[in-house]
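Take a look at the letters that make up each chain.
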Amino acid sequence: MQQFKDINVNGKDRRWKERKLQNIELGRRLEVLGYKAFARVYQCAEVLKFLKQPDGSLKLNQAWFCKSKLCPMCNWRRSMKYGAQLGQIIDVALKQQPKARFVFLTLTVKNVPGNELRDELGRLTKAFDRLFRRAKVKRSLIGYLRSIEITYNAKHDDYHPHIHVLLMVKSSYFKSSDSYIKQSEWTDMWQQSAKLDYKPIVNVKKVKPNQRKAKDEMDLRGAIVETAKYPTKPIEKMGETEEQKLKVTDDLMQALRNKRQIGFGGLFREIRKELQLEDVEEGDLIHIDEDRQEVSAGVEIVALWNWGRMTYEVKE
């Protein structure tokens, strides 16, 4: 059998093998830790069926994904699905509100140890809801999407949960002192909403709809990508020793159980409902609409994971 390659229309390797190897490492650690989910994770994406398109690219048509919160394969697919949905939602929103502006907001709290992470995620969600019920926030807000991201600090063995928010605001937001919220105001309101006894770090950037941006701004596509990054990085990037990686796996499995990390509000929630978009966290990970084009019926290409050679091979 020949080794399988999936190169997109831009000539970029989609790195199925690399992600499957990371997935296997997750499965192995879950097995060591005694999680029954290990078998399901091992079986993730063992068989991939594609349809070859007229331009030579491959479109995934059939596969089985484990949907584990920590699976690198599933999180990659979720990120693409989420990013595609954000693009669709924003396209519709801008047609309805062409003069709207965008703000990228990052809300942080101090790092917490693993045994406090689950409770901290709950507190973050409640604090976010309190912040977005404030009159000054609601005054100019059209819609928002938010994701909770978690990073691990190996040096101190603790976790940094934080919230990324892409805000769509009225054009008057930047023109009126009654509407505009300075960075210091965001900080004060977040401190109060999260009931913190310290000044948290809050980052605010104006988002531009094109690639030309000032130092303290970012482009709209970049903000979408940043918000759409799936909240947990592969375990390989979270921890330096095997002992740490096992601990991180265990901590995150416990903390993320039944937790939602992605949310839509205001106009974005309404548009998402109108478009009948699937749930990003639990929905189909095969048809992700990353480039929103029709899939043509073509020659079927089947890639099978070879456990002996630890690579995907094309079924002949």
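Use the structure listed above.
Bear in mind that the values here come from a model prediction, so they are computed numbers and not experimental data.

### A look at the pairing of strand β4 (residues 141-153)
Within β4, ten of the 13 residues are buried, leaving the element largely enclosed by the surrounding structure. Both β4 and strand β5 (residues 158-169) contribute to a ladder of twelve bridges, which runs antiparallel. Bridge pairing links S147 to H164 in β5. Hairpin connection between β4 and β5: a loop of four residues separates the two successive antiparallel strands, and D157 in this loop has a positive phi of roughly 55 degrees.

### Side note on the packing of helix α1 (residues 16-33) against helix α3 (residues 72-96)
Their axes nearest at 7 Å, the elements α1 and α3 cross at an angle of 130 degrees. In terms of orientation, α1 lies oblique with respect to α3. Across the interface between the two elements, W16, R19, K20, Q22, N23 and L26 of α1 pack against P72, M73, W76 and R77 of α3. For the contact of α1 with α3, the residue count by class is five nonpolar, two polar and three charged.

### Focus: the sheet that holds strand β9 (residues 300-306)
An order of β2-β1-β9-β10 is seen for the four strands of this open sheet, with the pairing classed as antiparallel. Unpaired on one side and paired on the other, β2 (58-62) and β10 (311-314) mark the two borders of the sheet. Across the sheet, the mean angle separating the axes of adjacent strands is 35 degrees when strand polarity is ignored. Pairing of strand β1 (residues 47-52) with β2, which is carried by four bridges, proceeds in the antiparallel orientation. Looking at the pairing, K52 lines up with L58 of β2.

### Focus: the layout of surface pockets
By volume, the second largest pocket is sized at about 340 Å³. Lining the second largest pocket we find 17 residues, and of these K69, M253, L256, R257 and N258 sit closest to its centre. Looking at which element gives the most residues to the lining of the second largest pocket, the answer is helix α8 (residues 242-256), with four residues. Class assignment for the residues of the lining of the second largest pocket results in five nonpolar, three polar and nine charged. Inspection of the lining of the second largest pocket shows a minimum of three residues originating in each of domain 1 (1-65 + 287-315) and domain 2 (85-242 + 256-285).

### Considerations on the packing of aromatic side chains
A full pass over the atoms with the stated rule returns 16 aromatic pairs. Here the aromatic rings of F4 and Y312 are separated by 6.4 Å at their centres, their planes lie at 70 degrees, and the arrangement is edge-to-face. With F4 in the segment before α1 and Y312 in strand β10, this pair connects stretches of sequence that are 308 residues apart. Under the relative-accessibility criterion, F4 is labelled buried at 8%. Taking the centre distance of 4.8 Å and the plane angle of 85 degrees together, the rings of W16 and W76 count as edge-to-face. Of this pair, W16 sits in helix α1 while W76 sits in helix α3, placing them 60 residues apart in sequence. Within the aromatic cluster, the residues linked to one another by ring pairs are F4, W16, F38, Y42, F50, W76, W305, W307 and Y312.

### Looking at unusual backbone geometry
Among all residues save glycine, negative phi is the norm, and among peptide bonds the norm is trans. Positive phi, normally seen in glycine, also occurs at Q276, with a value near 55 degrees. Turning to its location among the elements, Q276 is positioned in the loop between α9 (267-274) and β9. The backbone of M310 shows a phi angle near 55 degrees, a positive value even though the residue is not glycine. Mapped onto the fold, M310 is located in the loop between β9 and β10.

Cut-off values and rules
Residues numbered from 1 in each chain as written. Predicted model: local features only at pLDDT ≥ 70, side-chain atom pairs only at ≥ 80, totals over all residues. Heavy atoms only, no water. Buried < 20%, exposed > 50% of the residue type's maximum accessible area, 1.4 Å probe, protein only. Helix = DSSP H or I, 4+ residues; strand = E, 2+ residues; numbered from the N terminus. Pairing = 2+ DSSP bridges. Axes fitted to C-alpha atoms, helices over the stretch in contact; angles between N-to-C directions. Parallel < 35°, antiparallel > 145°, perpendicular 65-115°, else oblique. Contact = heavy atoms within 4.5 Å. Nonpolar A, V, L, I, M, F, W, Y, C, P; charged D, E, K, R; others polar. 1 Å grid on protein atoms, 1.4 Å probe; cavity = no way out; pocket = protein on both sides within 12 Å on 5 of 7 lines; lining within 4 Å. Points joined across faces, edges and corners; volume = space filled by probe spheres on them. Domains from an automatic or database assignment. Phe/Tyr/Trp six-rings, centres within 6.5 Å; stacked < 30°, edge-to-face > 60°.

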